[in-house]
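Secondary and tertiary structure notes
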Amino acid sequence: MSDCIFCKIIAGDIPAIKIHEDEQCIAFLDIHPVNPGHTLIVPKEHHANFLETPKELVAVIMALGQKLSPAILKAVGSDSFNFSTNNGRAAGQLIAHTHFHLIPRFPADGHKMWHGSDEHQDFAAMATKIREAVGSGE
Ligand code: 5GP
Ligand code: ZN
């Protein structure tokens, strides 16, 4: 896609600090790292987000995350990491080209993920709604 920053990185039109490249994916350091070693794992094929990515390619991305994470952790001296994707604007997705963040974590690095709520919710009704949506293929 011509106006996609990650497609430009893949094409070599924009520089990036690559740590891995193969036929289907590249992995490069995030330009604004949350922690040292923050890596983006990106399929070369342009898909707007996780949900739009073919499941075979998702499996390839997952496998690459599993392969690269021990090396990244070793390089930065960590034994923990988050591996996740932001899907949609409200979830913080800024680049509309599927990517997974591999973020090494350190004790007390201050990056709280999110806070759970103690507020009562109707879990049974919520579960019914979701099961119905799964059943209808939505
Ligand atoms: P998102 O918010 O879409 O999940 O994550 C996009 C990530 O891409 C951000 O963490 C941001 O720092 C990173 N990023 C944006 N533009 C560039 C770039 O040109 N080069 C690199 N290496 N990372 C980028
Ligand atoms: Zn793209």
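I will try to describe carefully the structure that is included in this document. (Residues numbered from 1 in each chain as written. Chains lettered and ligands numbered in written order. Predicted model: local features only at pLDDT ≥ 70, side-chain atom pairs only at ≥ 80, totals over all residues. Heavy atoms only, no water.)

This part covers the coordination of the zinc ion (ligand 2). Note on the zinc ion (ligand 2): its protein donors are Cys 4 (SG), Cys 7 (SG), His 46 (ND1) and His 97 (ND1). The metal-donor distances range over 2.0 to 2.3 Å. One way to put it: the 4 donor atoms around the zinc ion (ligand 2) meet at angles of 103 to 117°, and that makes the site tetrahedral. Each donor residue of the zinc ion (ligand 2) belongs to the same chain, and together they define the spacing C-x2-C-x38-H-x50-H. With a gap of 51 residues between them, His 46 in the loop between strand S3 (39-43) and helix H2 (55-76) and His 97 in the loop between strand S4 (80-84) and strand S5 (100-105) connect regions that are remote in the sequence. Using a relative accessible area of 0% as the deciding quantity, one classes His 97 as buried. (Donors = N, O, S within 2.8 Å, 3.2 Å for Na, K, Ca; no water. Tetrahedral: all angles 85-135°; square planar, octahedral: opposite > 155°, others 65-115°. Helix = DSSP H or I, 4+ residues; strand = E, 2+ residues; numbered from the N terminus. Buried < 20%, exposed > 50% of the residue type's maximum accessible area, 1.4 Å probe, protein only.)

A few words on H2. Look at H2: 31 Å from first C-alpha to last across 22 residues, which is about the 32 Å you get at 1.5 Å a residue. Where H2 bends most, the angle comes to about 35°, and this point is Leu 68, followed within four residues by the proline Pro 70. Residues Leu 57, Val 58, Ile 61, Leu 64, Gly 65, Leu 68, Ser 69, Ile 72 and Leu 73 constitute the buried set of H2. Contact partners of the buried residues in H2: strand S1 (18-21), strand S2 (25-29), S3, S4 and S5. (Expected span 1.5 Å × (residues − 1). Bend = angle between axes of the 7 residues up to and from the residue. Contact = heavy atoms within 4.5 Å.)

A large share of S2 lies buried, amounting to 4 of its 5 residues. Inspection of the sheet shows S1 paired to S2 by 3 bridges, in the antiparallel sense. From the neighbouring strand, His 20 faces S2, where its bridge partner is Ala 27. Adjacent in sequence and paired antiparallel, S1 and S2 are bridged by 3 residues. Pairing between S2 and S3: 5 bridges, direction antiparallel. Bridge pairing in S3 links Cys 25 to Pro 43. (Pairing = 2+ DSSP bridges.)

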